[in-house]
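Residues per chain are reported as follows:
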Amino acid sequence: MATYKEIKGVTVQTFDEDPVEFVGSWSSGGAMNTGRRDLAATGLQTAGLAIGGFIPPYSALTETYNGSSWTETGDLNVAKRSMASFGTYTAALVAGGYGSPTLLATAETFDGSSWTEVGDLNSARNSLSAAGYSPQTAGVVFGGTSPSAYQSLTESWNGSAWTETGDMNTARAYLNGAGISTSGMAIGGNAPPYPSPGKSALVENFNGSSWTETGDINTARSHGGSGGATNTQALLFGGDPSTAKTESWDGSSWTEVSDLSASVLENGGLGTYTSALSFGGNTGSVVASTEEWAFPPPTAAILTEGDV
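About the cut-offs
Residues numbered from 1 in each chain as written. Predicted model: local features only at pLDDT ≥ 70, side-chain atom pairs only at ≥ 80, totals over all residues. Heavy atoms only, no water. Helix = DSSP H or I, 4+ residues; strand = E, 2+ residues; numbered from the N terminus. Buried < 20%, exposed > 50% of the residue type's maximum accessible area, 1.4 Å probe, protein only. Pairing = 2+ DSSP bridges. pLDDT = per-residue confidence, 0-100. Contact = heavy atoms within 4.5 Å. Core = buried A, V, L, I, M, F, W, Y, C linked by side-chain atoms within 4.5 Å. Axes fitted to C-alpha atoms, helices over the stretch in contact; angles between N-to-C directions. Phe/Tyr/Trp six-rings, centres within 6.5 Å; stacked < 30°, edge-to-face > 60°. Lys NZ or Arg CZ within 6 Å of the ring centre and 35° of its normal. Salt bridge = Lys/Arg side-chain N within 4 Å of Asp/Glu carboxyl O.

Student: Just to check I follow, could you spell out the overall build of the chain for this structure?
Tutor: In terms of regular secondary structure, the chain is built from one helix and 30 strands. Of all 308 residues assigned to the chain, the portion counted as buried reaches 52%.

Quick look at the structure:
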């Protein structure tokens with residue numbers, strides 16, 4: 001009787017255990033020029049921005065990432081931390097935040113080399129987040145902290161002015177965002193009571209006018225990094241309490257995947273579900289390190305005659 005190899009040219013390999021499913025992995029990237037925590041971030045893994053933050057003191061520094069290294073570019077007009085940000089490498093916006101010694105309503109846009117002040121938010125606040133995986137002419141910011149309360153306020157940007165729209169169901173600050181202005185996500189954060197919050201696992205989806213609660217993250221946290229181009233594919237990594245945990249969202253549930261190399265909070269995060277970046281933050285001290293996320297797996301090798 002002929003063997004399988006004689007018929008097909010190869011033999012079938014067998015294993016003692018089932019193969020391990022690839023769920024993504026983190027690897028080292030180029031270090032920032034200046035380590036910072038509580039910074040803003042937007043863009044792609046190969047074309048990203050790290051904006052402002054806390055060194056200490058407050059920072060106006062902006063750095064761009066090209067997929068392997070960081071380069072300093074034009075500073076913000078106002079040094080600040082805890083801002084919301086959205087847009088692209090050459091068309092970004094930051095809004096709100098904390099600039100010594102006050103909460104800010106100011107917004108600035110970036111053209112690839114310099115920042116310009118534009119229209120203020122309707123409500124000054126810090127520790128807010130954003131969705132706007134697109135040029136800075138269309139985005140939405142939400143949540144945050146005002147002088148005495150956590151906020152559920154949501155404001156949309158049309159390229160020239162801010163408009164208040166539907167509030168989140170649950171007020172939160174130091175939360176994460178993903179998606180775009182008509183398909184956004186608000187993830188985790190600090191939830192009331194103020195000023196002694198609990199960590200939230202809540203996630204809400206935004207459709208351009210209103211918010212709907214969806215599946216909770218597995219580990220309640222705030223102050224993390226995130227990436228995602230829609231509210232059906234997102235990534236959350238790091239956060240407070242200090243953790244290395246990473247979770248991915250497929251539109252219906254969150255799944256724990258590969259950890260960062262070290263626990264971190266107040267880290268910058270940008271990119272997509274398949275190609276993200278985590279950088280800076282606080283690991284007990286302010287760091288400048290960068291990690292790159294890769295998913296799906298490399299293309300599998302194809303067996304040919306002679307391989308077995």
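Student: Would you mind going over the pairing of strand β23 (residues 211–214) with me for this structure?
Tutor: Side-chain direction in a regular strand flips from residue to residue, so the side chains alternate between the two faces of the sheet. Pairing between strand β22 (residues 203–206) and β23: four bridges, direction antiparallel. Each bridged residue has a counterpart across the sheet, and for Phe206 the counterpart in β23 is Trp211. Counted along the chain from β22 to the antiparallel partner β23, the turn is four residues long, and its residue Gly208 has a positive phi close to 105°.

Student: What's the story with the confidence of the model for the chain in this structure? I'm lost.
Tutor: Caution applies to low-pLDDT parts of the model: their predicted coordinates are not meant to be read in detail. For the chain, per-residue confidence averages 91 on the pLDDT scale, and 89% of positions sit at 70 or higher. Within the model, the stretch residues 299–308 combines pLDDT values under 50 with 10 contacts to residues more than four positions away or in other chains.

Student: I would appreciate a short explanation of the nonpolar core in the present structure.
Tutor: Among soluble globular proteins, nonpolar side chains are generally buried collectively. Within the largest apolar cluster, 12 residues are counted, these being Ala84, Phe86, Leu93, Ala95, Ala105, Ala107, Leu121, Leu128, Ala130, Val141, Trp157 and Trp162. Of all the secondary structure elements, the ones that give two or more residues to this core are β6 (84–88) and β7 (91–95).

Student: Explain the sheet that holds strand β10 (residues 107–110) here, please?
Tutor: The strands that make up a sheet are held in pairs by hydrogen bonds between backbone atoms, and each pair lies either parallel or antiparallel. With antiparallel pairing, the four strands of this open sheet are ordered in space as β6-β7-β10-β11. Of all strands in the sheet, those bounded by a partner on one side alone are β6 and β11 (115–118). Taking the axes of each pair of neighbouring strands and ignoring which way they run, one obtains an average angle of 20° across the sheet. Bridging between β10 and β11 involves four bridges; their strand directions are antiparallel. Within the sheet, the bridge partner assigned to Phe110 lies in β11 and is Trp115.

Student: Is there a simple way to think about the sheet that holds strand β1 (residues 25–29) in this case?
Tutor: Within the open sheet, the four strands sit side by side as β1-β30-β29-β28. Their pairing is antiparallel. The two strands at the open ends of the sheet, each matched to only one other strand, are β1 and β28 (268–271). Along the sheet, successive strands turn relative to each other by an average axial angle of 25°, direction set aside. Here five bridges tie β1 to strand β30 (residues 290–294), and the two strands are oriented antiparallel to one another. The partner of Trp26 across the bridge, within β30, is Trp293.

Student: Is there a simple way to think about the packing of aromatic side chains in this case?
Tutor: Within a pair of aromatic rings, the relevant descriptors are the distance that separates the centres and the angle that separates the planes. Going through the model one piece at a time under the given rule, you end up with 13 aromatic pairs. Above the face of the Phe54 ring, Arg81 is positioned so that its terminal group lies 4.4 Å from the ring centre.

Student: Would you mind going over the pattern of salt bridges with me for this structure?
Tutor: Note that side chains of opposite charge can pair when their charged atoms are close. Across all of its chains, the model carries nine salt bridges by this definition. The shortest N-O distance in the salt bridge between Glu256 and Lys245 comes to 4.0 Å. Separated by 11 residues along the polypeptide, Glu256 in strand β27 (residues 254–257) and Lys245 in the loop between β25 (233–237) and β26 (246–249) bring together distant segments of the chain. Residue classification places Glu256 among the partly exposed positions, given a relative accessible area of 41%. Residue Lys245 is classed as partly exposed on the basis of its relative accessible area of 31%.

Student: I'm lost on the pairing of strand β19 (residues 183–187) in this one. Help?
Tutor: Across the five residues of β19, five count as buried, placing the element largely inside the fold. Residues of β19 alternate between two faces, with Ser183, Met185 and Ile187 on one and Gly184 and Ala186 on the opposite face, all of them buried. Here strand β18 (residues 176–180) runs beside β19; their pairing, made up of five bridges, is antiparallel. In the sheet register, Asn176 faces β19, and the bridge partner there is Ile187. Looking at chain direction, β19 and β22 are connected through four bridges and run antiparallel. Considered in β22, the bridge of Met185 is made with Asn205.

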